[in-house]
Every structure is written in C-alpha cells, then in structure tokens.
Amino acid sequence: MDKRIAVVTGANRGIGFEICRQLARHGGIRVVLTSRDGKKGETAARKLDVESHPLDVASERSVALFAGWLAGAHGRCDILINNAGILADPRGSRVLDSKLSTWRETLDTNLIGPLLMIHALVPLMKKGGYGRVVNVSSGQGQLSEMGVGTPAYRASKTALNALTRTLAAELSGSGILVNSMCPGWVRTDMGGASAPRTVEQGADTALWLATLPDNGPTGGFFRDRKPIPW
Ligand code: NAP
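These lines cover the structure that appears in this document, whether it is placed above or below. (Residues numbered from 1 in each chain as written. Predicted model: local features only at pLDDT ≥ 70, side-chain atom pairs only at ≥ 80, totals over all residues. Heavy atoms only, no water.)

**Brief notes about unusual backbone geometry**
Even without being a glycine, threonine 150 presents a positive backbone phi close to 35°. Summarising the element assignment, threonine 150 is placed in the loop between strand 5 (131-136) and helix 5 (151-170). For aspartate 224, which is not glycine, the phi dihedral falls at a positive 50°. Residue class for aspartate 224 comes out partly exposed when judged on its relative accessible area of 36%. (Helix = DSSP H or I, 4+ residues; strand = E, 2+ residues; numbered from the N terminus. Buried < 20%, exposed > 50% of the residue type's maximum accessible area, 1.4 Å probe, protein only.)

Okay, here's the thing in structure tokens:
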C-alpha cells in the first residue's frame, strides 16, 4: 500500500515540529511539514528528512496554492494535523480591555485556518475513503474550565472544538475521524520555559489520534490519550 500522506501545519518549531518527528518515525507515513516561512520549513524538514512546503493557514491564497500542490504532487491526503496557532492576547488581558484586532488575528489563525485546511483537504480524504483530522486545541478552550484571561485565545479554541464536533458528526461513517486534543502545558515559545511538559509529551496524543484504527473515536477531546471534558 502507498504510504499515508500527513500534513502538519505550523511545523517549523514547537509541538508541530515534534508531531512531524513522531509521525516520520512511526513508519508507513509520508510527512509534509508546512511552515508559513518557507525557508524555516525547509531547515526544519531537513533535520527530519521529510518534505516541506510553505503554508500560511491565515491566508486563503496560501491554503489554495498548497492544496493545489498537494493534489498534484501526491493526489491524496490521509492525515491533517491543524497545529498552527497563536496566543496574541497581551499578558493579563481581559475581555473588556481586549482589542478587536487581537480577536480577528486570533480567530483567523486558530479557527478559520483549520476551517480553510478542512475545506481544502477533506475532499481528498473523502476520495480515498480514509482520513484523520486532528485539531490541536487547548485546555484553555474547555467551557468546563473557563476563567479569566487570554479571552481571544480561549474563545478560538472553544470554537475549534465546536468545529471538531460538527465536522465529526457530518463525516460519521465516512472513514474520516475528527478529534480535538490538548497537549497540556508544554515548553515551547508559546508555553514558555516554566511549562512542565516536553514537546514529546505534548505531541504524543496527536500521533495517537493521527494513527487511530478505523474503529477509533471521533468527535472527542483528548489529553494524554484520554477523553477530557469540553
Ligand atoms: P509555538 O512554539 O508558538 O509554535 C507555533 C507554530 O505555529 C509556529 O510554527 C508558527 O510559525 C505557527 N503559526 C502561527 N501562525 C501561523 C499561520 N498563520 N500559518 C502557519 N503557521 C503559523 O506554539 P506551540 O506551543 O508549539 O503550539 C502549537 C499548538 O499547540 C498551538 O495550536 C497551541 O495553541 C497549542 N497549545 C500549546 C500549548 C503549550 O503549552 N505550548 C498548550 C495548549 C495548546 P512561525 O514560526 O512562523 O511563527
């Protein structure tokens, strides 16, 4: 059988890069490491001996160009990891003092970005009758844990979880499984140096969801391979 094609967004550094490393090591999967800065993507991909391609998930044009390239180069997509994300809320920000520009930038990247990728790549999955969509969300998007601070980021991840559930329901029985995951608090540029988790720990659940068997879960939210509340 041909190798599965896995596309990972925002993969030049942090958790996305580690997801690529784990996918490449898994076997049977051909990884396409994407990065909004093509040069950074190439440098990162060289370290893993995988393919790279430029992709800015906040740009409709960039997503369309990428999807056209993928269809031509590989003609299929089996795994999509929507990992690219930003935390743009200033430290200590509150809803009442937040700027609209922060909300728009955050939602464009963390919600509309995954949506554009889904629009572009799920049709290829449907053609193959197989797919795994993994949305890298956050505990900060859990309504059950909702609290003060980073309001745009929190709302973007709650909305991403809603996208997971609606898409999973829509694709029920199609062979395409759609799930959200939280990596935990991870030591990356976003998580900062005090975070307790390594990127290896943060990426593990994404790898698991990306390689689920056909009878695996869909429409769920997971951390450490276990369901967590919405
Ligand atoms: P990170 O170190 O800040 O890396 C973020 C990645 O996303 C970078 O590669 C960045 O590219 C990319 N990116 C941002 N905007 C993009 C766009 N428009 N198009 C394409 N790529 C874009 O963050 P991380 O900690 O690895 O986070 C990865 C994911 O995990 C995010 O979705 C984040 O919300 C989630 N998460 C992280 C933590 C944590 O503790 N770290 C906790 C919960 C959830 P550039 O290098 O070009 O900026």
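**Description of the packing of helix 4 (residues 100-128) against helix 5**
At a minimum axis separation of 8 Å, helix 4 and helix 5 run at an interaxial angle of 20°. With respect to helix 5, the element helix 4 is oriented roughly parallel. In the crossing of helix 4 with helix 5, the sense of the turn from one axis to the other is right-handed. Between helix 4 and helix 5, the residues in contact are Thr102, Trp103, Thr106, Leu107, Asn110, Leu111, Pro114, Leu115 and Ile118 and Pro151, Ala152, Tyr153, Ala155, Ser156, Lys157, Ala159, Leu160, Leu163 and Leu167, respectively. A breakdown of the residues in the contact of helix 4 with helix 5 according to their chemical character gives 14 nonpolar, 4 polar and 1 charged. (Axes fitted to C-alpha atoms, helices over the stretch in contact; angles between N-to-C directions. Parallel < 35°, antiparallel > 145°, perpendicular 65-115°, else oblique. Left-handed = near helix turned anticlockwise from the far one by under 90°. Contact = heavy atoms within 4.5 Å. Nonpolar A, V, L, I, M, F, W, Y, C, P; charged D, E, K, R; others polar.)

**Observations regarding the layout of surface pockets**
Approximately 1,200 Å³ is the volume attributed to the largest pocket. Lining the largest pocket are 46 residues, with Gly85, Ile86, Leu87, Met190 and Gly191 positioned closest to its centre. Those elements giving two or more residues to the lining of the largest pocket turn out to be helix 1 (14-26), helix 4 and helix 5. Top element by residues in the lining of the largest pocket is helix 1. It accounts for 3 residues. Taken together, Leu115, Ile118, His119, Val122, Pro123, Lys126, Leu163, Thr166, Leu167, Glu170 and Leu171 make up the full set of residues lining the second largest pocket. Broken down by secondary-structure element, the contributors of at least two residues to the lining of the second largest pocket are helix 4 and helix 5. With 6 residues, helix 4 is the largest single contributor of residues to the lining of the second largest pocket. Considered class by class, the residues forming the lining of the second largest pocket number 7 nonpolar, 2 polar and 2 charged. (1 Å grid on protein atoms, 1.4 Å probe; cavity = no way out; pocket = protein on both sides within 12 Å on 5 of 7 lines; lining within 4 Å. Points joined across faces, edges and corners; volume = space filled by probe spheres on them.)

Interpretation note: all reported values are geometric properties and have no functional meaning in isolation.
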